[in-house]
Amino acid sequence: MKRAIPLFLASIVVAIAGRAHAQSTDVDRAKTFFNAGARAYDAGDFVTAIEAFEAAEKLAPRPAILFSVAQAHRRQYFLDGKPEHLRTAIQDYRAYVDATPPGHGRRADAAQALTDLVPIADKLAPDAGTKVAETKHTK
């Protein structure tokens, strides 16, 4: 019986180490996706940036990544005028504001973006902007 306890503890340590390694690997992969998204964003390829930022956010959810997703959707909306980019930008900015304490990060920038974008969404479809702005982020 005394032998079973160390083996059990060893298996727990191995499981925890494996999980920590997987989480570390996810963060590393997220960084790779985020960096690719940043390069695409800087090159004006916002669709590729959106895809890369969203992949990073799925692997390592962070408000800062969500802000980048919102920025890319906003910029793409102003290029192609597709309302889904506008709606997603509003949703993601709102989630960023909700997740970021006042005075931290780019919360003021996100709040300003909401001030700018919600009226545009409202003009596209009455109540669309305010409904999206009130929606919680569910990614």
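Residues numbered from 1 in each chain as written. Predicted model: local features only at pLDDT ≥ 70, side-chain atom pairs only at ≥ 80, totals over all residues. Heavy atoms only, no water.

Visitor: It is not clear to me how the overall build of the protein chain should be interpreted in this structure. Could you clarify?
Guide: Secondary structure assignment for the protein chain yields six helices and zero strands. When burial is assessed residue by residue, the protein chain has 31% of its 139 residues classed as buried. At a minimum sequence separation of 6, the contacts of the protein chain that also span at least 24 residues come to 52%. (Helix = DSSP H or I, 4+ residues; strand = E, 2+ residues; numbered from the N terminus. Buried < 20%, exposed > 50% of the residue type's maximum accessible area, 1.4 Å probe, protein only. Contact = heavy atoms within 4.5 Å.)

Visitor: Can you walk me through helix H2 (residues 46-59) in this structure?
Guide: Relative to the 20 Å expected for 14 residues at 1.5 Å per residue, H2 spans 20 Å between its end C-alpha atoms, a close match to the ideal helical length. Listing the buried residues of H2 in full gives Phe-46, Ala-49, Ile-50, Ala-52, Phe-53, Ala-56 and Glu-57. (Expected span 1.5 Å × (residues − 1).)

Visitor: Which parts of the structure should I look at to understand the packing of aromatic side chains?
Guide: How two aromatic rings sit relative to each other is given by the distance of their centres and the angle of their planes. Using the criterion set out here, one finds five aromatic pairs in the structure. Geometrically, the ring pair formed by Phe-67 and Tyr-93 is edge-to-face, given 5.8 Å between the ring centres and 70 degrees between the ring planes. On the criterion of sequence distance, the pair formed by Phe-67 in helix H3 (residues 63-80) and Tyr-93 in helix H4 (residues 83-99) is long-range, its members being 26 residues apart. Its relative accessible area of 4% is what places Phe-67 among the buried residues. The exposure class assigned to Tyr-93 is buried, which follows from its relative accessible area of 0%. Taken together, a centroid distance of 5.1 Å and an interplanar angle of 55 degrees make the contact between Phe-67 and Tyr-96 tilted. Here Phe-67, found in helix H3, pairs with Tyr-96, found in helix H4; they are 29 residues apart in sequence, far enough to count as distant. Taking the relative accessible area as the measure of exposure, Tyr-96 reaches 4% and is therefore buried. (Phe/Tyr/Trp six-rings, centres within 6.5 Å; stacked < 30°, edge-to-face > 60°.)

Visitor: Help me understand the pattern of salt bridges, please; the structure alone is not making it clear to me.
Guide: Close approach of charged atoms lets side chains of opposite charge pair. A full pass over the atoms with the stated rule returns two salt bridges. A salt bridge links Asp-26 to Arg-29, with the shortest nitrogen-to-oxygen separation between them at 3.8 Å. Taken together, the residues span about one helical turn, with Asp-26 and Arg-29 both in helix H1 (residues 4-42) at a distance of three residues. Taking the shortest distance from any N to any O, the salt bridge between Arg-106 and Asp-109 comes out at 2.9 Å. (Salt bridge = Lys/Arg side-chain N within 4 Å of Asp/Glu carboxyl O.)

Visitor: Mind showing me how you'd approach the nonpolar core here?
Guide: General note: in soluble globular proteins, nonpolar side chains tend to be found buried as a group. Counting 15 residues, the largest nonpolar core has Phe-67, Leu-86, Ile-90, Tyr-93, Ala-110, Leu-114 and Leu-117 as its most contacted members. Looking at this core, the elements that each hand over two or more residues are H3, H4 and helix H5 (107-124). Among the nonpolar cores identified, the runner-up in size contains eight residues, and Ala-40, Tyr-41, Phe-46 and Ala-49 belong to it. (Core = buried A, V, L, I, M, F, W, Y, C linked by side-chain atoms within 4.5 Å.)

Visitor: Would you mind going over the environment of Thr-48 with me for this structure?
Guide: Locating Thr-48 in the fold gives a position in helix H2. Between the C-alpha atoms of Thr-48 and Ala-36, which are 12 residues apart in sequence, the distance is 8.6 Å.

Visitor: I keep staring at the packing of H3 against H5 and nothing clicks. Help me out?
Guide: When two helices pack together, you describe them by how their axes are tilted relative to each other and by the distance separating the axes. One can describe the packing of H3 onto H5 by two numbers: an axis separation of 12 Å at closest approach and a directional angle of 40 degrees. Comparing the axis directions of H3 and H5 gives the class oblique. The two elements H3 and H5 meet at a crossing, and its hand is left-handed. Within the contact between the two elements, H3 uses Phe-67, Arg-74, Tyr-77 and Phe-78 and H5 uses Asp-109, Ala-110, Leu-117, Ile-120 and Leu-124. A per-class count over the contact of H3 with H5 returns seven nonpolar, no polar and two charged. (Axes fitted to C-alpha atoms, helices over the stretch in contact; angles between N-to-C directions. Parallel < 35°, antiparallel > 145°, perpendicular 65-115°, else oblique. Left-handed = near helix turned anticlockwise from the far one by under 90°. Nonpolar A, V, L, I, M, F, W, Y, C, P; charged D, E, K, R; others polar.)

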